[in-house]
Amino acid sequence: MNELKVKKDFSDIYTQDSPYEYLKEMNRLEYDISDSTKPLYNSIIEQLEETLSRPINVLDLGSSYGINSSLMKYNLTMSELSDFFLKESKPTKKETIQFYEKCTINDNMNFYQIDISEEALTFSEEMNLCERGINVDLESEKLNFLESLPRMDIVIATGCVGYIGYKAFSNLLKVIKNRQSNSNESETEYTAPIFAFSVLRMFDMKDIEEIFEMYNYSIVKSDINPIRQRNFSDPEEKAQTISLLHDMEINTKKYEDDGNFYADFYIARSKN
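Figured I'd write up the structure that's included with this text.

Conventions used here
- Residues numbered from 1 in each chain as written.
- Predicted model: local features only at pLDDT ≥ 70, side-chain atom pairs only at ≥ 80, totals over all residues.
- Heavy atoms only, no water.
- Salt bridge = Lys/Arg side-chain N within 4 Å of Asp/Glu carboxyl O.
- Helix = DSSP H or I, 4+ residues; strand = E, 2+ residues; numbered from the N terminus.
- Buried < 20%, exposed > 50% of the residue type's maximum accessible area, 1.4 Å probe, protein only.
- Phe/Tyr/Trp six-rings, centres within 6.5 Å; stacked < 30°, edge-to-face > 60°.

### As for the pattern of salt bridges
Move 1: Counting across every chain of the model gives 11 salt bridges.
Move 2: In this structure, Lys90 and Asp17 form a salt bridge, with 3.6 Å as the shortest nitrogen-oxygen distance. Of the two residues, Lys90 is situated in the loop between helix H4 (78-85) and helix H5 (93-101) and Asp17 in the segment before helix H1 (20-28); the sequence distance between them amounts to 73 residues.
Move 3: Exposure remark for Asp17: the relative accessible area of 59% places this residue in the exposed category.

What follows is the structure in structure tokens.
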């Protein structure tokens with residue numbers, strides 16, 4: 001997507017053995033969208049739990065260092081993560097394990113995580129932030145690994161839509177459809193997962209929406225106000241983003257004009 005040329009490249013902070021550098025940069029930019037999406041995801045999970053009467057399987061796309069799991073399964077906040085990891089001395093692996101062990105754990109959800117950073121996934125697995133981390137490129141690789149996983153009840157993504165586009169969702173939905181078609185489970189036991197994700201307002205969702213429609217999903221943009229993601233990294237990023245949004249005829253007053261990225265929240269459910 002051409003929109004990606006507007007955003008600062010943070011690739012180097014995802015290849016460390018701990019989230020220290022990631023959180024240091026996100027803290028500088030006052031990144032807090034994960035705090036805002038947490039109750040939105042939890043609300044859907046609670047509804048699913050009432051219906052299914054079992055722990056809910058969550059597939060987290062672009063999971064990085066297990067941030068969503070830290071917030072949702074371990075009841076933490078971005079501020080609490082930063083307070084721990086950004087102390088004067090970088091915490092050891094033992095200290096990090098002890099930090100998570102002291103947290104209250106929500107047993108009503110099991111996380112499975114996908115990311116292109118092997119280092120981030122290794123950290124997440126070692127800290128028990130997920131049942132399994134899968135190092136795969138959703139855009140180009142076959143997703144046969146899904147067949148070895150439990151059925152997913154909800155697929156979430158915070159901040160990675162745009163980096164992954166319609167091809168990723170097409171590949172994922174194709175595997176889900178094939179698995180559902182070949183399943184021996186009854187329809188009451190196997191229903192297509194709900195998708196819930198945030199998308200920066202500068203990304204055009206048309207192609208992704210068409211893919212969901214193609215696979216018989218109803219996708220809607222939530223009527224909640226746009227969600228603040230983070231500060232712009234510099235004046236150029238701000239100017240280019242606002243210019244792009246104006247070209248899309250999107251009003252930036254009270255939002256990007258104030259110096260922050262904003263995202264919309266989408267939910268997609270199978271029509272079956």
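### Looking at unusual backbone geometry
Move 1: Positive phi outside glycine occurs at Glu30, with the angle close to 55 degrees.
Move 2: Considering the arrangement of structural elements, one finds Glu30 in the loop between H1 and helix H2 (33-52).
Move 3: Look at Glu30 and you get partly exposed, because its relative accessible area is 48%.
Move 4: The phi dihedral of Asn216 falls on the positive side, at around 65 degrees, and the residue is not glycine.
Move 5: For Asn216, the location among the structural elements is in the loop between helix H8 (206-214) and strand E6 (217-221).

### Side note on the packing of aromatic side chains
Move 1: One pass over the structure, following the stated rule, counts 20 aromatic pairs.
Move 2: Ring geometry for Phe84 and Phe85: centres 4.9 Å apart, planes at 80 degrees, overall edge-to-face.
Move 3: Looking at Phe84, the relative accessible area reads 10%, which means it is buried.
Move 4: According to the relative accessible area criterion, Phe85 is buried, its value standing at 2%.
Move 5: Consider the rings of Phe169 and Phe197, whose centres lie 5.3 Å apart with planes at 35 degrees: the pair is tilted. One end of the pair, Phe169, is in helix H7 (residues 166-182); the other, Phe197, is in strand E5 (residues 194-200), with 28 residues separating them in the sequence. Across this residue pair, the class does not change: Phe169 and Phe197 are buried.
Move 6: Through a chain of ring-to-ring contacts, three or more aromatic side chains come together here, namely Tyr14, Tyr22, Tyr65, Tyr74, Phe84, Phe85, Phe99, Tyr100 and Phe123.

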